[in-house]
Amino acid sequence: MKKIIVQKFGGTSVADTEKIKNVAKVVIREKENGNDVVVVVSAMGHTTDHLVKMAKSLTPNPSSREMDMLLSTGECVSIALLTMAIQAQGYDAISFNAMQVGIMTENIHSKARIVDIRTEKLRKNLEEGKIIVVAGFQGVTEDGEITTLGRGGSDTSAVALAAALNAERCDIYTDVEGVYTTDPRVVPNASKLDEVSYEEMLELAHAGANVLHPRSVETAKQFAVPMRVRSSFNLDDMGTLIVGVEKMELYRPVAGVAADLSQARIVVCDVPDKPGVAAGLFSAMANENISVDMIIQSYARKISNTNDIAFTIDTADLPKTLSVLDKLKDVIGASDIKVDDEIAKVSIVGAGMIDRPGIASTMFETLATLNINIKMISTSEIKISCLVDKSDAQKAVKALHTVFNLESDVIADVKGDLPDV
Ligand code: ASP
Ligand code: MG
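Let me sum up the structure you'll find in this document. As the structure is a computational prediction, the values presented were derived from the model and not from experiment. (Residues numbered from 1 in each chain as written. Chains lettered and ligands numbered in written order. Predicted model: local features only at pLDDT ≥ 70, side-chain atom pairs only at ≥ 80, totals over all residues. Heavy atoms only, no water.)

**Description of the site of ligand 1**
So the rule is basically this: Proximity criterion: a residue is near a molecule or strand once any of its heavy atoms comes within 4 Å of it. Polar contacts here mean pairs of N or O atoms no more than 3.5 Å apart (in protein, one a potential hydrogen donor and the other a potential acceptor; neighbouring residues in sequence count only if both atoms are side-chain atoms). All accessible areas in this document rest on Shrake-Rupley with a 1.4 Å probe, and a residue is counted as covered only by the protein chains that are shown. Under the scheme applied, nonpolar residues are Ala, Val, Leu, Ile, Met, Phe, Trp, Tyr, Cys and Pro; charged residues are Asp, Glu, Lys and Arg; polar residues are all the others, including Gly.
Neighbouring residues of ligand 1: S42, A43, T48, E75, F137, R151, G152, G153 and S154. Within the backbone of G152, one N or O atom sits 2.8 Å away from an oxygen atom of ligand 1. For ligand 1, an oxygen atom lies 3.4 Å from a polar atom in the backbone of G153. Notes on ligand 1: free accessible area 260 Å², of which the protein chains cover 86%. In terms of residue class, the shell around ligand 1 is built from 2 nonpolar, 5 polar and 2 charged.

**Digging into the pattern of salt bridges**
The line we're drawing: Salt bridge, as used here: a side-chain nitrogen of Lys or Arg that lies within 4 Å of a carboxyl oxygen of Asp or Glu. Each helix is a run of H or I in the DSSP string that is no shorter than four residues. Each strand is a run of E no shorter than two, and both are numbered from the N terminus. Each residue gets one of three labels from its accessible area relative to the maximum for its type: buried under 20%, exposed over 50%, partly exposed in between, using a 1.4 Å probe on protein chains only.
This model, assessed by the stated rule, comprises 22 salt bridges. Ionic pairing is found between R118 and E142, a salt bridge with its closest N-O pair at 3.4 Å. One end of the pair, R118, is in the loop between β5 (114-117) and α5 (120-127); the other, E142, is in the loop between β7 (138-140) and β8 (146-148), and 24 residues separate them in sequence. Taking the relative accessible area as the measure of exposure, R118 reaches 32% and is therefore partly exposed. Accessibility expressed as a relative area gives 63% for E142, which makes it exposed.

**As for the packing of aromatic side chains**
Here is the rule: For Phe, Tyr and Trp, rings pair up if their centres lie within 6.5 Å, where Trp contributes its six-membered ring, and each pair is then called stacked (planes under 30 degrees apart), edge-to-face (over 60) or tilted (otherwise).
The tally for this structure, following the rule as stated, stands at 2 aromatic pairs. Note on F9 and Y173: the rings are 4.8 Å apart at their centroids and 10° apart in plane angle, and the pair reads as stacked. A residue pair is termed long-range when its members are at least 10 positions apart, and F9 in strand β1 (residues 4-9) and Y173 in strand β9 (residues 169-174) qualify at 164 residues. Neither residue differs from the other here; F9 and Y173 are each classed as buried. Look at F282 and F311: their rings are 5.2 Å apart centre to centre, the planes differ by 75°, and that puts the pair in the edge-to-face class.

Everything listed is a geometric property; what it means functionally is a separate question.
Okay, structure coming up:
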């Protein structure tokens, strides 16, 4: 049986018809390698942004069902055009939208999760020798409702298809050459990683590295789909391979530095120190589908017997969050709700930091030397995040990138002393 390769092309790779012709060549090259090819595409260029803008010019709060109807059209345009471009080169190809394939999702608009992918139609068409082009980002519910997977969701469509088809690999083609130690626009000598683990990539994606949709990495990890991020304009470069951590030699404690500038911090002040308060607060948020990132509860003050609970959310969820909290404030007995959206979350990520002491203190010292105030800290086994003022984010990223030796291709073993900043 032939191997199946899933290829995904993002908006910049299909921004105009010239670029679509280029994508057709990349697709055909893989077919000529003797593989079966399933291609997933995003909407052309900034189409999705334009559609969002049009909707918002009509109403500040468009219904999420109609938003999905609208946004899903972007990908329908690109699948048809790419299929025509492939056919024009003399190859047999066919496009499908999510409904035609059966990319089944849960019944939630604007950030639905894929629950199942029907593969019969895909397998039948591959057997007939066709190249298949599938619309990314969209799905369909059991009731035939159109859904979308959240901004950037085409990556997840591609990985989910690769998992369902037991594909050899999922190649994510984009306009950068792979995954970098940090954003090269901020730190020009950021270096490209040849390999990164699912775990690290997941933390980097959540920490604000915009290369991949976090759920695509989650899905790749769950189904052990090898993923490659590579440039659609430079095929000689093999990009970055994302694999299981057990396959890697962890000679460096930190793989990358990321900053997320789209977070807002909320402080719920003076809530009573008794069971059920956090449960009430966060279940109300969960009911509105708001995901909460960092959470800190302060040590209870003896005299007043109250706590402060602070947490961060995506700024896009801010209006929804404030309306939830407005209703909840008196119920849970909070004295005040404070909001700060001039903040950034700066994170260092690396599977190699497990069992290596001193990484957190190096991060804090680096920020202290720059006189950057840390407003919140959160950690996982392989990530340390600090909330800082937005205006300090760039400085922090640059300094952390240097202190953890991410600039050179030869990654130093940082077991011993870390260089001075
Ligand atoms: N077109 C969608 C977006 O811009 C999905 C994607 O590109 O992955 O978010
Ligand atoms: Mg993307």
